Amino acid sequence: MDELFRTLPADTDSREALAARGLRYEVVGTDPDERDAFSQAVNRGFYSAIAEAEELYEAREGFADRRTTAVWDATAVEPETPVATVDSWPTPLTVPGGGSLPAWAISAVTVAPTHRRRGIARALLEGELRTARALRLPIAALTVSEATIYGRFGFAPAASAVDLVIDTRRAVWTGPQAAGRVHFVQRDALRPLAPGIEQRARVAGDVDRWPGYWDRLLGLRASQAKKAADVRAVRYDDEHGEPQGFALYRVKEAGHDFSRHTIEVVDLVAATTDAYAGLWRYLLELDLVHEIAVGLRSVDEPLRWMVADPRAVRTRAQSDHLWTRILDVAVALEGRTWQTAGEIVLEVSDPLGFAAGRFRLAVDEAGRATVTTTDAPAEVALDAGALAAVHLGGTSPLTLAAAGRASGAPEALERLHALAVTPLAPRLSFWF
Ligand SMILES: CC(C)(COP(=O)(O)OP(=O)(O)OC[C@H]1O[C@@H](n2cnc3c(N)ncnc32)[C@H](O)[C@@H]1OP(=O)(O)O)[C@@H](O)C(=O)NCCC(=O)NCCS
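Cut-off values and rules
Residues numbered from 1 in each chain as written. Predicted model: local features only at pLDDT ≥ 70, side-chain atom pairs only at ≥ 80, totals over all residues. Heavy atoms only, no water. Phe/Tyr/Trp six-rings, centres within 6.5 Å; stacked < 30°, edge-to-face > 60°. Helix = DSSP H or I, 4+ residues; strand = E, 2+ residues; numbered from the N terminus. Buried < 20%, exposed > 50% of the residue type's maximum accessible area, 1.4 Å probe, protein only. Lys NZ or Arg CZ within 6 Å of the ring centre and 35° of its normal. Axes fitted to C-alpha atoms, helices over the stretch in contact; angles between N-to-C directions. Parallel < 35°, antiparallel > 145°, perpendicular 65-115°, else oblique. Left-handed = near helix turned anticlockwise from the far one by under 90°. Contact = heavy atoms within 4.5 Å. Nonpolar A, V, L, I, M, F, W, Y, C, P; charged D, E, K, R; others polar. Near = heavy atom within 4 Å. Polar contact = N/O pair within 3.5 Å; in protein donor to acceptor, adjacent residues only side chain to side chain. Areas by Shrake-Rupley, 256 points an atom, 1.4 Å probe, with all protein chains shown as cover. Core = buried A, V, L, I, M, F, W, Y, C linked by side-chain atoms within 4.5 Å.

Undergrad: Now, about the packing of aromatic side chains: what can you tell me, with residues and values included?
TA: The tally for this structure, following the rule as stated, stands at 14 aromatic pairs. Judged by centre distance (6.2 Å) and plane angle (80 degrees), the ring pair of phenylalanine 5 and tryptophan 104 falls under edge-to-face. Of this pair, phenylalanine 5 sits in helix α1 (residues 4-7) while tryptophan 104 sits in strand β4 (residues 100-111), and the two are 99 residues apart along the sequence. Both residues of the pair, phenylalanine 5 and tryptophan 104, belong to the buried class. The interplanar angle of 75 degrees and the centroid separation of 5.9 Å between the aromatic rings of tryptophan 89 and phenylalanine 432 together place this pair among those described as edge-to-face. With a gap of 343 residues between them, tryptophan 89 in strand β3 (residues 84-94) and phenylalanine 432 in the segment after α13 (410-420) connect regions that are remote in the sequence. In this structure, tryptophan 89 and phenylalanine 432 share a single accessibility class: buried. Clustering of aromatic rings is evident, with ring pairs tying together Trp89, Trp210, Tyr213, Trp214, Phe246, Phe430 and Phe432. Above the ring of tryptophan 72, the side-chain terminus of arginine 24 is found at 4.2 Å from the ring centroid. If you follow arginine 336 out to its NZ or CZ, it ends over the ring of tryptophan 338, 4.1 Å from the centre.

Undergrad: Describe the packing of helix α3 (residues 32-45) against helix α4 (residues 53-60), listing the residues and the values that go with them.
TA: Look at α3 against α4: their axes get within 10 Å of each other, and the N-to-C directions meet at 110 degrees. The angle between the axes of α3 and α4 places the two elements in the roughly perpendicular class. Of the two possible hands of crossing, α3 and α4 adopt the one that is right-handed. Contact with α3, carried on its side by Pro32, Arg35, Asp36, Ser39, Gln40 and Asn43, involves Glu55, Leu56, Ala59 and Arg60 of α4 and no other residues of that element. Residues of the contact of α3 with α4, tallied by class, amount to 3 nonpolar, 3 polar and 4 charged.

Undergrad: Tell me about the site of the ligand, and name the residues and values.
TA: The immediate surroundings of the ligand are formed by 20 residues, with Val109, Arg117, Gly119, Ser145 and Glu146 found nearest. At a separation of 2.8 Å, a nitrogen atom of the ligand approaches a polar backbone atom of valine 109. For the ligand, the accessible surface in isolation is 890 Å², of which the surrounding protein chains cover 76%. At the level of elements, β4 and α5 (120-134) are the ones that each hand at least two residues to the shell around the ligand. Each residue belonging to the shell around the ligand can be placed in one class, and the counts come to 8 nonpolar, 6 polar and 6 charged.

Undergrad: Lay out the nonpolar core with the relevant residues and their values.
TA: Val71, Tyr150, Phe155, Leu361 and Phe432 are the most contacted members of the largest nonpolar core, which totals 91 residues. With residues near it in sequence (within four places) discarded, leucine 361 still touches Leu333, Trp338, Gly342, Glu343, Ile344, Ala369, Thr370, Val371 and Leu419. In terms of nonpolar packing, the next biggest core, distinct from the first, is built from 30 residues, Ile263, Leu268, Leu303 and Ala312 among them.

Undergrad: Can you tell me about the side chain of serine 107, naming the residues and giving the values?
TA: For serine 107, the location among the structural elements is in strand β4. Among all residues touching serine 107, those that are not within four sequence positions of it are Val86, Asp87, Trp89 and Phe432.

Undergrad: With reference to specific residues and values, describe the environment of aspartate 230.
TA: If you trace the backbone, aspartate 230 turns up in the loop between α8 (211-217) and β8 (231-237). With 11 residues separating them along the chain, aspartate 230 and glycine 219 place their C-alpha atoms 9.8 Å apart. Dropping the residues within four chain positions of it, aspartate 230 is found in contact with Tyr249, Arg250 and Val251. A polar side-chain atom of aspartate 230 sits 3.0 Å from a polar atom in the side chain of arginine 250.

Remember that the coordinates give geometry; whether it matters functionally is a separate question.
Below you can see the structure in the form of structure tokens.
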């Protein structure tokens, strides 16, 4: 896998489909100019600013860890700039029970406005799924700009996230007294520690953040220095002095009223409940602040239970944050721990074919699954997206049945619910 994921040629079916429309679909080479043109095409596709030389230079190192695929139109006035982009890489995806599955992360999906709605994204996405399958990866994962695009390719929301706004005057701390201490630290001093803390903080539904991501988050890239200048870092050390969490935040002024600053939490990562309490209490009790905004938190966020007035913690938005797509049913289902012992026969439909079939899921007392194909009568029928939604434990098959995305006798749906749904909601802690 190590090298293969970058060197495997571009998917043949997609290459042919696009060639028939006069377009060239290939994996981007190592030429820096070609890589820079790809970066500019991604920025253009997401309506971001034209990248400056420094940013392009910094972006180049990221290509080493990605498979970068593009579509070119030789008849365009600027034929060297791709008209469509996608990048992808293998990554562990955490699953219920504490383990992980090898997943195909997909990002940077763009099609130039001049070339939209003529099937280019479909060719890119189907090419990505076939490539992932060729690499024997059981699941693909992405975060989405619009929730209307990826369902047709068998993806479904598998882990939701909430954006919270907290009224600090009402959010009087009633949670536990943390035993450790909060320290101010320089952002660069967090760089060696943060990935390890984040690794220990994960629940099901998260993927690895890459080195360049950490550098950007911590504002350590030269091109980011100005933008990150107002980001403060605090670290939580437990009573033994071990770092167990950190928060990155910026404080914003609110006109002339100095008592009404707002805080934007850039990230808050806690590997222990103690660190979680210590960091949140620190933020809630900052002077001159009346509101804290924080994104991508769990739908089960304990914070509401740690303040005098739970209505002080308002959900501003809830989103379908992580989307997954099951490519190998047996490997994907066997890769997680299930909640109870039991058996069920699932009929999975999948117009693209990857996940289609009838499968017996048999779970032993330890929550370990064995999945076999079977001719036995199906007990629950569901589409590949519905299976993806159930797989990480965050969506009940009963909900999907009520929505017409799954069917079966109530007893069978309840049995699948008992097997699959986890006490803790899955969560993806960042965008990729
Ligand atoms: C979203 C985007 C990649 C689609 O590219 P495209 O080449 O126009 O898409 P296609 O022509 O291949 O469309 C494939 C299917 O998706 C549908 N579709 C495409 N974009 C859609 C959108 N934004 N909303 C709803 N449906 C969409 C098409 O109608 C088509 O449906 P069908 O095949 O079932 O008839 C492109 O519009 C884009 O770059 N948008 C801005 C950047 C972005 O949001 N990227 C996605 C990041 S997650």
